[in-house]
Amino acid sequence: MSEFINSTGFMLVVYSNKNSALFGKASKNVISEYKEKEGVTGVIYDDFDAKNERVQEWNKRFPGINIYKIAPRRKTLRMDDKIHLSESVGHSEIIPKWYTKIEDIAKTTDPNQLYFVKKRGSTAARGVSAHRYKDLNNVDVSSCIIQEDMINPHLYEKRRYKIRVYVLLRKGKMYINQKAWCSLGALDYRKCDDKMTDQEIKDINIIYQAPGRKWFVLSDIENYTKIFNSMAMRLKELKKTYMEKIDSIEDNEFTLLGVDYVIDNELNAYIIEINHRSNYHHPDDIVEKVDLPALQDTLKMLVDGTPKNTSYVEV
């Protein structure tokens, strides 16, 4: 059982069955900031759904406890579905241009235009492949979204990168954390052409966790503030799409999303994926600079009900 109890005059009880050591460390760090506070707060992060038995047990063990639990999967699961996300958002600038059928792509398209084919439930680059337009007819696109690659991606150290940011849903509001991590492609970027091999296409354009890949924080990028503001703006538009689901999250519930972005050369952000149950298994440097602070901020938001003294910004 991954339960962590920390107390000063105030008691914080945290349960997690996902990356539990990280949640334990976050709760230990947070409690030191509440030396003058009284009461008991409990936080349940169950990777599936919070068990009523645990809630009942905590109410008995800790009289007067305020319990916050992760919202049921049914309230956020469809955000994680790439086809549902695309169809819900429509053909807006929030996400890259997309298709579900190859025949819907204009036949005048450049043969070397790149498309990402993503299984609707793919995650961490598993179930994702990249293909030239001229090769798409040889690809199984059933139960997939076909995302058109941008012409001019923004580069860092000459390579493509993606961004992961944590987004908190609570009491009808959406908050984005200012601390985010990025990871690089394996090869320097160049535009897709006839000479490029399939392996080169993959190594340049599909970014995933692997030995030797470079990770860094968003603030390392020049003009990162402009990028962050674009990311927040996209979320503000996304919020309108999912307002009904966000409003269904009860006052004693919360959701922590992991939202992935790519950036174009004009520093515009595009959402490429929403992880409704994010993973926090990353290189140590990223854990210390992004994951741990974001979890600490989440716990403080649940305890205090305000983004004050956190890196969260309401969108």
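Quick caveat: nothing in here was measured; it's all calculated off a predicted structure. (Residues numbered from 1 in each chain as written. Predicted model: local features only at pLDDT ≥ 70, side-chain atom pairs only at ≥ 80, totals over all residues. Heavy atoms only, no water.)

Right, let's talk about the environment of Pro293 for a bit. Counting through the fold element by element, Pro293 comes out in helix H7 (residues 284–304). When the C-alpha positions of Pro293 and Ala26 are compared, they lie 7.6 Å apart, and in sequence the two are 267 residues distant. When neighbours within four sequence positions are excluded, Pro293 is seen to be in contact with Lys179, Val287 and Glu288. (Helix = DSSP H or I, 4+ residues; strand = E, 2+ residues; numbered from the N terminus. Contact = heavy atoms within 4.5 Å.)

We now examine helix H1 (residues 20–31). The first and last C-alpha atoms of H1 sit 17 Å apart over 12 residues, in line with the 16 Å expected at 1.5 Å per residue. Turning to H1, its buried residues are Leu22, Phe23, Gly24, Ala26, Ser27, Val30 and Ile31. For H1, the secondary structure elements touched by its buried residues are strand E1 (3–7), strand E2 (10–16), strand E3 (39–45) and H7. (Expected span 1.5 Å × (residues − 1). Buried < 20%, exposed > 50% of the residue type's maximum accessible area, 1.4 Å probe, protein only.)

What follows is about the pairing of strand E13 (residues 269–275). Taken across its 7 residues, E13 has 7 buried, putting it largely inside the fold. Of the strand pairs in this sheet, strand E12 (residues 253–263) and E13 are connected by 6 bridges, and their pairing is antiparallel. Looking at E13, one finds that Val259 is bridged to Ile274. (Pairing = 2+ DSSP bridges.)

Moving on, we get to the packing of aromatic side chains. What the rule picks out here adds up to 11 aromatic pairs. Judged by centre distance (4.0 Å) and plane angle (15 degrees), the rings of Tyr156 and Phe216 are stacked. Of the two residues, Tyr156 is situated in the loop between strand E8 (144–148) and strand E9 (161–170) and Phe216 in strand E11 (residues 215–217); the sequence distance between them amounts to 60 residues. The exposure classification of Tyr156 matches that of Phe216, with both residues buried. Between Tyr161 and Phe216, the ring centres sit 6.0 Å apart and the planes meet at 65 degrees, which makes this aromatic pair edge-to-face. Note that Tyr161 is positioned in strand E9 and Phe216 in strand E11, a separation of 55 residues in sequence. Like Tyr161, the residue Phe216 is buried in the burial classification. The ring of Tyr208 has Arg213 sitting right over it, with the charged end atom 4.4 Å from the ring centre. Between the NZ or CZ atom of Arg234 and the centre of the ring of Tyr270, over which it lies, the distance is 5.0 Å. (Phe/Tyr/Trp six-rings, centres within 6.5 Å; stacked < 30°, edge-to-face > 60°. Lys NZ or Arg CZ within 6 Å of the ring centre and 35° of its normal.)

Here the focus is the pattern of salt bridges. The final tally for this structure, using the stated rule, is 23 salt bridges. One salt bridge connects Arg132 with Asp198, and the closest N-O pair in it is separated by 3.9 Å. One end of the pair, Arg132, is in strand E7 (residues 126–132); the other, Asp198, is in helix H4 (residues 198–205), with 66 residues separating them in the sequence. Classification of Arg132 as buried rests on a relative accessible area of 6%. In this structure Asp198 comes out as exposed when scored by relative accessible area, which is 61%. (Salt bridge = Lys/Arg side-chain N within 4 Å of Asp/Glu carboxyl O.)

Here the focus is unusual backbone geometry. Even without glycine at this site, Lys158 takes up a positive phi of about 70 degrees. Here Lys158 is to be found in the loop between E8 and E9. Its identity is not glycine, yet Asn223 carries a phi of approximately 65 degrees, on the positive side. The topology assignment puts Asn223 in the loop between E11 and helix H5 (224–241). Judged by relative accessible area, which is 48%, Asn223 ranks as partly exposed.

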